[in-house]
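# Tertiary structure, described
Listed here are the chains, written in short residue letters.
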Amino acid sequence: MNQLNYIIVGGGSAGCVLAARLSEDPATQVALLEAGGDDKSVLIHCPAGVAVLAQTGGHNWAFDTVPQPGLNGRQGYQPRGKVLGGSSSVNAMIYMRGQAADYDNWAAMGNPGWSFADVLPAFKRAEHNERGADAFHGQGGPLNVMDLCDPNPLGQAFVQAGVQAGFAHNRDFNGADQEGVGPYQVTHKGGERFSAAKAYLTAAVRARPNLHVVTGAQARKVVMRGKQAVGVEYQQAGQIKQLMCSHEVLLCAGALQSPQLLMLSGIGPRDHLLAHGIGPVVESAGVGQQLHDHIDVVQVVRAPKATESFGLSVGGAWAALKGIVRWRNERRGLLTTNYAEAGGFIKTTAAEATPDVQFHFVVGQLVNHGRTPVWGHGYSCHVCLLRPKSRGSVMLATADPLAAPLIVGQPRPHARVGAWLFMPCVPASAQVTRQRDVGHG
Ligand SMILES: Cc1cc2nc3c(=O)[nH]c(=O)nc-3n(C[C@H](O)[C@H](O)[C@H](O)COP(=O)(O)OP(=O)(O)OC[C@H]3O[C@@H](n4cnc5c(N)ncnc54)[C@H](O)[C@@H]3O)c2cc1C
């Protein structure tokens, strides 16, 4: 490897974009370190494979929070991608931006360049929306966005039921207004998942002589010279190695592991670092703080007659077998589902300026992230708080760089506020799911 200019840690959504953009200049030497492997598994490329990926440890860090006092001692399962593409290789593929007001708030909090007017051109430049370009959408960008090619009739029934229940029909949640119910657009192309790795680390990009993609390489810490980041120590196949760079180390290890890496490198709250035997290099009390955990409850509805749903039954197994054959031959059919096919955004009170709750309608019974099998047919509706009040943290459990971080999602006092906020919206989702068009059963 030549003298590097940039080292990117983490080949997920952010890391893939940076690797592709920085290496556009042939004079710039870039290394991308990814702890997981290449994204070869068919479970990544076949959209329905997400049901397996989110459950197992193959391409998934599969973290848990510590037991949460605010959630009656429950631990929150935290799946995260561990493969090229990162979480975009294991996620539910919904193409969803934040609300315009979210970005405007960030800018108002003292972050120039992050208002919606600032970020919209970047979203449009990144996008290739198969519906076409308009004031909110782009064409010609690397990230393919489309409507599901074979949507499940249950998702459409959810939308109809939502309209009957009085919610607006919204066919573009990333358009002028987010409120209402409608189908989600997905990051798919030709019936396959279109992860950040597929969009940005194309064969042509990976062939660039100035881009070095190193997989199976888990960063242990940033190498510091004084207060300057000058390299990365990482572990690959049991060996500890170092890479140095002249410009920048870019931490793209995700919301949980980037702060962990900072603290392992001596950047973080002084007492916490010292408690783990790490000498503080840069004291920064905010590292690992302010974790926003978007708490989510799932209503699961048993609907034996809804045989078009994904379900454990003889008919369900037969449909899945036919789906495998169709996907292999045509990249169409049942297995092109992202499961969370439709959804909605509502305001729990008229006082909310923008929706504060999101629905994800799932075309199957989803219990415990799909880790608890449920016999028969049915459907589910996630109800997620978009502006949670609780603030958690990510801290070191130990100074071992290979250990999981200590994740606190819902500390007690704020979770009560969360539970209170849920009260108006769970009946709203029940109202939608009980309308006669959904579920037949
Ligand atoms: C199950 C699930 C479903 C989701 N569904 C959706 C959805 O439908 N729509 C949506 O918009 N968003 C969804 N998300 C969220 C979205 O995928 C993430 O917000 C996004 O991918 C985060 O990007 P990132 O680059 O910050 O991190 P990631 O994409 O997670 O990338 C981090 C990368 O860093 C690597 N890494 C970590 N530590 C190290 C280390 N020490 N050394 C080297 N590499 C390291 C990881 O292996 C990973 O590849 C979902 C997420 C999950 C987990």
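All residue numbers refer to position in the chain's written sequence, counted from 1. Under the rules for a predicted model, residues below a pLDDT of 70 receive no local features and side-chain atom pairs below 80 are neither given nor counted, while totals for whole chains, interfaces and linings still include all residues. Hydrogens are left out, water is left out, and the side-chain values use all remaining heavy atoms of the structure.

### Re the sheet that holds strand β21 (residues 392-395)
- Paired strands, as defined in this entry, are two strands with at least two bridges between them according to DSSP. In DSSP terms, a helix is any run of H or I states spanning at least four residues, a strand is any run of E spanning at least two, and both are numbered starting from the N terminus. Read across the sheet, three strands follow the order β16-β21-β22 without closing on themselves; strand pairing throughout is antiparallel. The open sheet has two free edges, formed respectively by β16 (289-291) and β22 (406-408), since each of these has just one partner strand. Taken pair by pair, the neighbouring strands of this sheet meet at an average axis angle of 35°, ignoring direction.
- Note that β21 and β22 share three bridges and pair antiparallel. Following the sheet pairing, Val394 is matched in β22 by Ile407.
- Only heavy atoms enter the contact rule, under which two residues are in contact if any of them lie within 4.5 Å. Fitted lines through C-alpha atoms give the axes, limited to the stretch in contact for helices. The angle between two N-to-C directions lies from 0 to 180 degrees. Helix-sheet contacts for helix α9 (residues 254-264) involve β16, β21 and β22, and the interaxial angle to β21 is about 50°.

### A look at the site of the ligand
- Taken together, the neighbourhood of the ligand is formed by 29 residues, with Ser13, Ala14, Glu34, Ser87 and Ala219 sitting nearest.
- Between a nitrogen atom of the ligand and a main-chain N or O atom of Ala35, the distance comes to 3.2 Å.
- For the shell around the ligand, the secondary structure elements donating two or more residues are α1 (13-22), β11 (217-225) and α9.
- Gly falls in the polar group here, along with every residue not listed as nonpolar (Ala, Val, Leu, Ile, Met, Phe, Trp, Tyr, Cys, Pro) or charged (Asp, Glu, Lys, Arg). Looking at the shell around the ligand residue by residue, the class counts come to 16 nonpolar, 11 polar and two charged. Near residues are defined by distance, with any heavy atom within 4 Å of the molecule or strand qualifying the residue. The term polar contact refers here to a pair of N or O atoms within 3.5 Å; inside protein, the definition further demands a hydrogen-donor-capable atom paired with an acceptor-capable atom, and it admits residues adjacent in sequence only when both atoms are side-chain atoms.

### Digging into the pattern of salt bridges
- We define a salt bridge as a contact between a side-chain nitrogen of Lys or Arg and a carboxyl oxygen of Asp or Glu at a distance within 4 Å. Within the structure shown, the criterion is met by 13 salt bridges.
- Across the pair Glu127 and Arg97 runs a salt bridge whose closest N-O atoms are separated by 2.8 Å. With a gap of 30 residues between them, Glu127 in strand β5 (residues 127-129) and Arg97 in the loop between β4 (77-78) and α4 (100-108) connect regions that are remote in the sequence. Per residue, the accessibility class of Glu127 equals that of Arg97, and both read buried. Burial classification: accessible surface area is computed with a 1.4 Å probe over protein chains only, and a residue below 20% of its type maximum counts as buried, one above 50% as exposed, and the rest as partly exposed.

### Focus: the nonpolar core
- One finds Phe158, Tyr339, Phe359 and Phe361 to be the most contacted residues of the largest nonpolar core, which totals 29 residues.
- For this core, the elements supplying multiple residues, two or more each, are α6 (153-164), β18 (340-346), β19 (357-362) and β20 (378-385).
- Listed in part, the 24 residues of the second largest apolar core include Leu4, Ala253, Met263 and Leu396. We call a set of buried Ala, Val, Leu, Ile, Met, Phe, Trp, Tyr and Cys residues a nonpolar core when their side-chain atoms join them within 4.5 Å.

### Quick notes on the environment of Gly57
- Looking at where Gly57 falls in the secondary structure, it is placed in the loop between α3 (50-53) and β3 (63-64).
- Residue class for Gly57 comes out exposed when judged on its relative accessible area of 52%.
- For the pair Gly57 and Pro79, spaced 22 residues apart in sequence, the C-alpha to C-alpha distance is 8.7 Å.

### A look at the packing of aromatic side chains
- Within 6.5 Å between ring centres, the rings of Phe, Tyr and Trp (the latter by its six-membered ring) count as paired, and their orientation is classed by plane angle as stacked under 30 degrees, edge-to-face over 60, tilted in between. Counting across every chain of the model gives 10 aromatic pairs.
- Taken together, a centroid distance of 5.9 Å and an interplanar angle of 70° make the contact between Tyr103 and Phe123 edge-to-face. Of this pair, Tyr103 sits in helix α4 while Phe123 sits in helix α5 (residues 116-126), placing them 20 residues apart in sequence.
- Under the relative-accessibility criterion, Tyr103 is labelled buried at 8%.
- Note on Phe123: relative accessible area 21%, which makes it partly exposed.
- Over a ring means this: the NZ of a Lys or the CZ of an Arg is within 6 Å of the ring centre and within 35 degrees of the ring normal. Of note, Arg371 hangs over the ring of Tyr77, and the distance from its end group to the ring centre comes to 3.6 Å.

### Concerning the pairing of strand β1 (residues 4-9)
- Most of β1 is tucked away, with six of its six residues classed as buried.
- Two strands pair when backbone bridges link them, and β1 and strand β13 (residues 239-251) are joined in this way by five bridges, in the parallel orientation. When the sheet's bridge partners are listed, Ile8 is paired in β13 with Leu250.
- As paired elements, β1 and strand β2 (residues 30-33) share four bridges and run parallel to each other.

### Looking at α5
- All buried positions along α5 are accounted for by Phe116, Val119 and Leu120. All buried residues of α5 project into a common sector of 115° when viewed along the axis, lining one side. In α5, the exposed positions that point more than 90 degrees away from the buried face belong to Ala117 and Arg125.
- Lining the buried residues of α5 we find α4. In this context, the arc is that of the directions from the helix axis out to the C-beta atoms.

### Overview of the confidence of the model for the protein chain
- Chain-level statistics for the protein chain give a pLDDT mean of 93 and a share of 93% at 70 or above.
- ipTM for the predicted complex: 0.99, alongside a pTM of 0.95. pLDDT: the predictor's confidence for each residue, scored from 0 to 100.

### Examining the sheet that holds strand β7 (residues 180-183)
- Ordered by their spatial adjacency, five strands build an open sheet running β7-β18-β19-β20-β17, and the pairing between neighbours is antiparallel. Looking at which strands have only one partner, the edges of the open sheet turn out to be β7 and β17 (296-302). Sheet twist, expressed as the mean angle between neighbouring strand axes with direction ignored, is 20°.
- Relative to β20, β17 runs antiparallel, the two being bridged by seven bridges. Following the sheet pairing, Val301 is matched in β20 by Tyr379.
- The strands touched by α6 within the sheet are β7, β18, β19 and β20, with β7 carrying the most contacts at an inclination of about 160°.

### Comments concerning the environment of Val119
- For Val119, the position within the fold is in helix α5.
- Assessed through its relative accessible area of 9%, Val119 is described here as buried.
- Put simply, Val119 and Gln299 are 180 residues apart on the chain and 34 Å apart in space, counted from C-alpha to C-alpha.
- Apart from residues no more than four positions distant in its own chain, Val119 is found in contact with Tyr103, Gly113 and Trp114.

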